[in-house]
Number of protein chains: 2
Amino acid sequence: MMKNIEDCTIGIAGLGLMGGAIAMALRGNVRRILAYDIDGAVLTAAREDAVIDRGFAHPQDMLALCDVVFLCLNPSTILAFLDAWMPFFEPGTLLTDIAGVKTPIVRAMETKLRPDLDFVPGHPMAGSEKGGYAQARCCSFTGKNYILTPLKRTKPESVDFIRNIVYRMGFSRITETTAEDHDRKIAFTSQLCHVIAAALIDCEPDGAIASFGGGSFEDLTRIAMLNAPQWTELFLENKHELLRRIAQFEGSLDALKTLIETERTDELQAYLQTVRERRARMT
Amino acid sequence: MMKNIEDCTIGIAGLGLMGGAIAMALRGNVRRILAYDIDGAVLTAAREDAVIDRGFAHPQDMLALCDVVFLCLNPSTILAFLDAWMPFFEPGTLLTDIAGVKTPIVRAMETKLRPDLDFVPGHPMAGSEKGGYAQARCCSFTGKNYILTPLKRTKPESVDFIRNIVYRMGFSRITETTAEDHDRKIAFTSQLCHVIAAALIDCEPDGAIASFGGGSFEDLTRIAMLNAPQWTELFLENKHELLRRIAQFEGSLDALKTLIETERTDELQAYLQTVRERRARMT
C-alpha cells in the first residue's frame, strides 16, 4: 500500500539538469526531497536554493530514508549504481529512472531487482542542450511527453503512482509501452535527430554561416550543442535501432535527391505535399 | 537623389506572408503603403486592418505612384512580373525583391533592368511554415538576418537606402554579398534543412510518433510543413548548389554512421565534441 504523494520522501540520485528540474517540479508536492550527488557544491547550492531539503554524499544514507527514488544518472552509471547500492534501499521503495535508452536497464532489472522493491522505468521527454544543475530551472516540463516502460513484474499501482507524480511535475501526455518499442521510437525522434544535427554542423566549417540563418538552420542544429559523452553512450546503447533509422532516413533523402536531380517537378511537389500533410497531423 | 524614408510611397507587389509582414513592419515609417495582389479579398482585409493605404488590382496603377517597390512574389513569378510591367515603373523608382534564390533574378536584371531604375535584390531571413497574408502578423523581423545582393550597376546609395529601410523593419544583421555566394550559403542554411526535414517525415509513417517527441523531433521537422509548390521552385532554382550540399551532408552522416557501427567510442565522442564547439561559435 503506497502512501499519498504528499507524504512521500523523494530521493534523487544525480542532481544534474534533469535531477534538478525534477526536484524543482516536485517541490511543494511531497513531504521531503533528498538528493545524492558526487558534486558537493551542487548539493550545497540546491540546499541554498531550497530545491532540496538535504543533500547526501553517500547514497546509503539517503536510500535509508526514501519512499521513492529517482535515478537521474547517466545511462552507463545507473546499472553500476543499482549493482552497488541495491542492498541499501528500504523495503518497499519505489524506483524510477530517466535513462534515454530503456532496453538495457529493463533487461537487467527484470532479474536483478530485489523482490521487495518495485521499479517503473521512465523517460521524461524534456531535455535541453544545456546540462547541469545550474541550468535546471530552464528545463520546463509543462505540456511535455513522458514515457513509462514497466517491467513484467512492475505492479500496476506502482505505474499509477509514478504516473500521478509525473502529472504533478507538469507533463501532459504519458505513454506506457515496452522498452523495445520505446527504443525503436526514440531512435527516430531523438537519436536520429541528434545524429542529423551533428552531421549538418560537421559538413559546414564556415563559422560565419549564421549570418545566413533564417530559423531553419538554427532549429535544426541547436541540439548539435549536445553533451558529447552522454550522447556517445546513448547512440551506442541503442546502436541497432539507430542504425536502422539512419538507413531509413538515407533512403528517404536519396529519393528526394533523385527527384531534384532529375527535375521531376510534379513528383517532387507531391512528395513535399504528402510530407506537409503528414507532419501537420503529427501533434 | 533619394527622398527621406518618411516621405516615400512604398509599393508591395504580392501581399502574402512576407509582403504583408513587410507592410506591417513599415507602417508608420513611410508616407504611404500601396499594395498589388491578384487576391482582392486580401487587399480589402489589409485596407481594413490599416496595414496598407490602398490596394490595386492592376500593377500599372500602383507603379505610377511608388518611390520604392518591394517585389514579394513567388520566385518564378517575379521575372514574369518584371518583364510584363517594366515599362510602367516611374523613372527613378528603387526596386527590391525577397526571392530566396538570387542568381536567376540578378543575372536577368543585370541586362533587363531599365537604365533609369535601380534594383537592390534582397532576402529577408524570416520566413515561416505558415503562408499567406492572414499569417503575416506572426512573422516577426526583430533581430533577424537580411541578405542584400546588389547588381554590378546598383548604386551604393540605393543599397544604403534599402539597408536603412531593412533596419527600420527590425532586422538586426544585414549582410551584403554576391548572388552566387548567397545561393551557396542559403543552399545550406535553408534548402538543405528543408530537404532534411522533409526526408525525416517521409521515413516515418507512424502518425502517433509525436507522443515520443521531446523537442528535437519537433524542432527538426517543423519546417516540413512547407509550402510545397514554393519549395519545389526554390529547390529546382538552386538545384546545383543544393545537390552539392546534400552530397556534403551525406558524407558527414556516413562518417558518423560508421563511427557508431564500428563502436569507435573515442572518435565518436571527439566528432560530437568538435560539432558542439563549432555550433556554439556559430551565432
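Reading the values: rules and limits
- Residue positions are counted from 1 within each chain, in the order its sequence is given.
- Whichever chain is written first becomes A and whichever ligand is written first becomes 1, with later ones labelled in order.
- Where totals are concerned, whole chains, interfaces and linings use all residues; where local detail is concerned, this predicted model gives features only for residues with pLDDT of at least 70, and gives and counts side-chain atom pairs only at 80 or more.
- Helix and strand definitions follow DSSP, with helices as H or I runs of at least four residues and strands as E runs of at least two, each counted in order from the N terminus.
- Computation of the radius of gyration draws on C-alpha atoms, with the globule rule given as 2.2 Å multiplied by the number of residues to the power 0.38.
- Residue burial is a threshold on neighbouring C-beta atoms within 10 Å of the residue's own C-beta, all placed from the backbone, with 20 or more meaning buried, 12 or fewer meaning exposed, and counts in between meaning partly exposed.
- Contact between two residues is assigned when their C-beta atoms, built from the backbone, lie within 7 Å.
- Only residues with pLDDT of at least 70 in both copies count here: their C-alpha atoms drive the least-squares fit that superposes the copies.
- Strands are treated as partners if at least two bridges between them are detected by DSSP.
- Every angle, taken between N-to-C directions, lies between 0 and 180 degrees, and every axis is a line fitted to C-alpha atoms, over only the stretch in contact when it is a helix.
- Side-chain classes follow a simple rule in which Ala, Val, Leu, Ile, Met, Phe, Trp, Tyr, Cys and Pro form the nonpolar group, Asp, Glu, Lys and Arg form the charged group, and the remainder, Gly included, forms the polar group.
- Relevant arc is that of directions from the helix axis to the C-beta atoms, nothing else.
- Think of a nonpolar core as buried Ala, Val, Leu, Ile, Met, Phe, Trp, Tyr and Cys residues, each tied to the set through C-beta atoms within 7 Å.
- Call a crossover right-handed when, viewed with both strands pointing away from you, the route from the first strand across the helix to the second goes clockwise.
- Reported domain spans reflect what an automatic or database domain assignment gives.
- We call two directions roughly parallel when the angle between them is under 35 degrees, roughly antiparallel when it is over 145, roughly perpendicular when it lies between 65 and 115, and oblique otherwise.
- Each helix crossing is assigned a hand: it is left-handed if the near helix lies turned anticlockwise from the far helix by less than a right angle, otherwise right-handed if that turn is clockwise.

Attention shifts here to the overall build of chain A. Of the regular secondary structure elements, chain A holds 11 helices and 8 strands. A compact globule built from 283 residues should have a C-alpha radius of gyration of about 19 Å, and chain A, at 21 Å, falls within 12% of that. Along the first, second and third principal axes, the C-alpha set of chain A runs to 65 × 40 × 30 Å. Within chain A, the proportion of its 283 residues that are buried is 52%. Sequence separation of 24 or more characterises 70% of the internal contacts of chain A that already satisfy a separation of 6 or more.

Here we come to the relation of the copies chain B and chain A. Superposition of chain B onto chain A requires a rotation of 180° combined with a translation of 0.0 Å along the rotation axis, giving an RMSD of 0.0 Å. Seen this way, the second copy is the image of the first under a two-fold rotation axis. With an isologous cut-off of 70% or more, the 100% of interface residues of chain B that recur at the interface of chain A puts this contact in the isologous class.

Another point: the sheet that holds strand β3 (residues 54–56) of chain A. All names here are of chain A. Judged by pairing direction, the sheet is mixed, and its 8 strands sit side by side in the order β3-β2-β1-β4-β5-β6-β7-β8 without closing on themselves. Lying at the two open borders of the sheet, with one neighbouring strand each, are β3 and β8 (173–176). Mean inter-strand twist for the sheet, computed between neighbouring axes without regard to direction, equals 25°.

Taken residue by residue, the interface counts 75 residues in chain B and 75 residues in chain A. Elements represented by at least two residues in the side of chain B that touches chain A include exactly β7 (145–148), β8 (173–176), α7 (179–202), α8 (216–221), α9 (228–237), α10 (239–261) and α11 (265–281) of chain B. When residues of the side of chain B that touches chain A are assigned to their parent elements, the largest contribution, 14 residues, is made by α7(B). By residue class, the composition of the side of chain B that touches chain A is 40 nonpolar, 21 polar and 14 charged.

Our next topic: unusual backbone geometry. Residues and elements named next belong to chain A. For Ala 50, which is not a glycine, the phi torsion comes out positive at approximately 60°. Tracing the backbone shows Ala 50 in the loop between α2 (40–48) and β3. The class of Ala 50 is exposed, set by 9 C-beta atoms lying within 10 Å.

On to the sheet that holds β7(B), then. Residue and element names in this part refer to chain B. Pairing within the open sheet is mixed, and its 8 strands lie in the order β3-β2-β1-β4-β5-β6-β7-β8. At either margin of the open sheet sits one strand with a lone partner, and together these are β3 (54–56) and β8. For this sheet the average axis-to-axis angle between neighbouring strands, irrespective of direction, equals 25°. Running over the sheet, helix α2 (residues 40–48) touches β2 (32–36) and β3 and is turned about 170° from β3.

On to helix α5 (residues 103–112) of chain A. All names here are of chain A. All buried positions along α5 are accounted for by Thr 103, Ile 105, Val 106 and Met 109. Taken around the axis of α5, the buried residues stretch over an arc of 165°, which confines them to a single face. The elements touched by buried residues of α5 are α4 (75–85), β5 (94–97), β6 (118–125) and α7 (179–202).

As a further point, take the nonpolar core. Judged by nonpolar contacts, the single largest core of 188 residues is most densely connected at A:Ile12, A:Ala23, A:Ala35, B:Ile12, B:Ala23 and B:Ala35. Leave out the neighbours within four places in its chain, and A:Ile12 touches A:Gly19, A:Ile22, A:Ala23, A:Ile33, A:Ala35, A:Phe70 and A:Cys72.

Residue and element names in this part refer to chain A. The side-chain alternation of β5 yields two buried faces, one formed by Leu 94 and Thr 96 and the other by Leu 95 and Asp 97. Bridge count for strand β4 (residues 68–71) against β5 is 4 bridges, and the pairing is parallel. Its bridge partner lying in β5, Val 69 is registered against Leu 95. In this region the chain leaves β4, passes through α4 and returns to the parallel neighbour β5; the handedness of that crossover is right-handed. Traced from β5 through α5 to β6, the parallel crossover comes out right-handed.

Residues and elements named next belong to chain A. You can read the domains of chain A as domain 1 (5–177) and domain 2 (182–281). Computed from C-alpha coordinates alone, the two centres of domain 1 and domain 2 are separated by 31 Å. Counting residues at the interface gives 14 residues for domain 1 and 14 residues for domain 2. Listing elements by their share of the side of domain 1 that touches domain 2, those giving two or more residues are α4 and α5. Among the residues making up the side of domain 1 that touches domain 2, the classes are represented as 4 nonpolar, 8 polar and 2 charged.

Attention now moves to the pairing of β4(A). All names here are of chain A. Covered by surrounding structure in β4 are Val 68 and Phe 70 together with Val 69 and Leu 71, the residues of both alternating faces. Two elements, strand β1 (residues 9–13) and β4, share 4 bridges in a ladder whose sense is parallel. From the neighbouring strand, Gly 11 faces β4, where its bridge partner is Val 69.

What follows concerns the packing of helix α11 (residues 265–281) of chain A against α7(B). One way to put it is that α11(A) packs onto α7(B) with a least axis distance of 9 Å and a crossing angle of 70°. Put simply, α11(A) runs roughly perpendicular to α7(B). In terms of crossing hand, the pair formed by α11(A) and α7(B) is left-handed. Seen from α11(A), the contacting residues are A:Tyr271, A:Leu272, A:Val275, A:Arg278 and A:Arg279; seen from α7(B), they are B:Ala198, B:Ile201 and B:Asp202.

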